[in-house]
Amino acid sequence: MSVILFGATGDLGTRVASHLQHLGADLRCVVRRGSAVRLRGIAQSAAVQIIEVDDLSPKALEEACRGGTVVISTVSGLEPVVLDFQTRLVRAAVAAGVPRFIPSDFAVDYRRVPIGDNRNLNLLEQFRQIVDATTGIQVTSILNGAFMDMLTGVAPFILYPINRILCWGNRDQKMDFTTIDDTALYTAHAALDTATPRYLYIAGDELSANDLAYVMTELTGKSHKVLQPGGLTMFK
């Protein structure tokens, strides 16, 4: 099975490539010219091929995808990447005869998020409509919730200086979290499974704000409480 991976130089993509390599996949990483140096650790296997492209035109993408059995996209960005690039990519995969495509979703279930409520999730929904209207290819989206790794950094849930868990709305509302590495491993297995459904739902854990307060108290030995500035209406 020949796996074509786009976005292999990113955090998630690098991990997906590593897991695919360990699983024995025939892997082709497609990167912009000059980016291959960032994949030296992955390229130490005869089963891994790195293709550098000068541009990401439809023709260049089609040639890069030719002969593949599945295309994985782990690219990240806003409209030029999520919509424009991935639209060219899935159409190139179809033109190259690739039977399966895994888009760069890796998020909560975005399909019911009202337009205007969340820019990033709305972009995923817009691309979903495009890809579902594309015939000739089997699509599988992986919905893992939020990356658990964010809880120690960029996600504004844990307020370390004041030992609080920030919560808007229901403090018992469960949230899905999966680590980046577990998501990457799951993606690698999904890529090698020809019978995957349209959507794969996976979560490493489900935690509420109250759960996070308990966990942080146990981990740090310092009492953590939920800070609730207001409800969802105020948050909006």
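Check the entry above for the structure.
Residues numbered from 1 in each chain as written. Predicted model: local features only at pLDDT ≥ 70, side-chain atom pairs only at ≥ 80, totals over all residues. Heavy atoms only, no water.

J.: I'd love a proper account of the overall build of the protein chain, names of residues and values included.
T.: Helix and strand counts for the protein chain stand at seven helices and 14 strands. Computed over its C-alpha atoms, the radius of gyration of the protein chain comes to 19 Å, within 12% of the 18 Å expected for a compact globule of 236 residues. A principal-axis box enclosing the C-alpha atoms of the protein chain has dimensions of 55 × 40 × 35 Å. Among the 236 residues that make up the protein chain, the fraction classed as buried is 44%. Relative to all contacts within the protein chain whose residues are 6 or more apart in sequence, the contacts with residues 24 or more apart total 76%. When the accessible surface of the protein chain is totalled, it reaches about 11,800 Å², and 53% of it is carbon and sulfur. Averaged over its 22 positive side-chain charges, the protein chain has a centre that lies 3 Å from the centre of its 24 negative ones. (Helix = DSSP H or I, 4+ residues; strand = E, 2+ residues; numbered from the N terminus. Rg over C-alpha atoms; globule rule 2.2 N^0.38 Å. Buried < 20%, exposed > 50% of the residue type's maximum accessible area, 1.4 Å probe, protein only. Contact = heavy atoms within 4.5 Å. Areas by Shrake-Rupley, 256 points an atom, 1.4 Å probe, with all protein chains shown as cover. Lys, Arg positive; Asp, Glu negative; His and termini not counted. Charge placed at Lys NZ, Arg CZ, Asp CG, Glu CD.)

J.: Tell me about the pairing of strand β4 (residues 70-73), residues and numbers included.
T.: On β4, burial covers both faces: Val70 and Ile72 on one face and Val71 and Ser73 on the other are all buried. Sheet analysis places β4 next to strand β5 (residues 100-102), joined by three bridges and oriented parallel. Bridge pairing links Ile72 to Ile102 in β5. With helix α3 (residues 79-95) bridging β4 and the parallel β5, this β-α-β connection has right-handed handedness. (Pairing = 2+ DSSP bridges. Right-handed = clockwise from strand over helix to strand, strands pointing away.)

J.: Could you give an account of helix α1 (residues 11-22), naming the residues involved and the relevant values?
T.: Compared with an ideal rise of 1.5 Å per residue, which puts 12 residues at 16 Å, α1 spans 17 Å between its outermost C-alpha atoms and is within 8% of the ideal. For α1, the full list of buried residues reads Leu12, Gly13, Val16, Ala17, His19 and Leu20. Axial view of α1: buried residues confined to an arc of 165°, hence all on one face. (Expected span 1.5 Å × (residues − 1). Arc of directions from axis to C-beta.)

J.: Just give me the short version of the sheet that holds strand β10 (residues 164-168), but keep the residues and values in it.
T.: Here we have three strands laid out as an open sheet, ordered β9-β10-β14, and mixed in their pairing. The open sheet is flanked by β9 (158-159) and β14 (225-230), the only strands paired with a single partner. Summarising the sheet, β9 and β10 pair through two bridges and their orientation is antiparallel. Looking at β10, one finds that Ile158 is bridged to Ile165. Contacts between helix α6 (residues 209-220) and the sheet are confined to β9, β10 and β14, with β10 contributing the most and set at about 175° to the helix. (Axes fitted to C-alpha atoms, helices over the stretch in contact; angles between N-to-C directions.)

J.: Talk me through the packing of aromatic side chains; I want residue IDs and the actual numbers.
T.: Evaluated as defined, the whole model comprises five aromatic pairs. Its guanidinium or amino end placed over the ring of Tyr199, Arg111 lies 3.9 Å from that ring's centre, counting from NZ or CZ. Directly above the ring of Tyr199 sits Arg198, whose terminal nitrogen or CZ lies 4.5 Å from the centroid. (Phe/Tyr/Trp six-rings, centres within 6.5 Å; stacked < 30°, edge-to-face > 60°. Lys NZ or Arg CZ within 6 Å of the ring centre and 35° of its normal.)

J.: Which residues make up the sheet that holds strand β2 (residues 26-32), and what are the values?
T.: Judged by pairing direction, the sheet is parallel, and its six strands sit side by side in the order β3-β2-β1-β4-β5-β6 without closing on themselves. Single-partner strands in this sheet number two, and they are β3 (48-53) and β6 (138-139). Where strand β1 (residues 2-6) and β2 come together, five bridges link them in parallel fashion. In the sheet register, Ile4 faces β2, and the bridge partner there is Arg28.

J.: Please provide a residue-by-residue account of the environment of Thr196, values included.
T.: You can see Thr196 is positioned in the loop between α5 (180-191) and β12 (199-201). Residues Thr196 and Val94 lie 102 residues apart in sequence; the distance between their C-alpha atoms is 18 Å. The residues touching Thr196, leaving out its near neighbours within four places in the chain, are Arg100, Gln138, Thr140 and Ala190. A polar side-chain atom of Thr196 sits 2.8 Å from a polar atom in the side chain of Thr140. (Polar contact = N/O pair within 3.5 Å; in protein donor to acceptor, adjacent residues only side chain to side chain.)

J.: Let's hear about the side chain of Arg28: which residues, and what values?
T.: Mapped onto the fold, Arg28 is located in strand β2. For the buried Arg28, which has no salt bridge, the nearest side chain bearing the opposite charge is Asp26, at an N-O separation of 6.2 Å. Residue contacts for Arg28: discarding those within four places in its chain leaves Ser2, Val3, Ile4, Leu5, Gln49, Ile51, Glu63, Ala64, Cys65, Arg66, Gly67 and Gly68. (Salt bridge = Lys/Arg side-chain N within 4 Å of Asp/Glu carboxyl O.)

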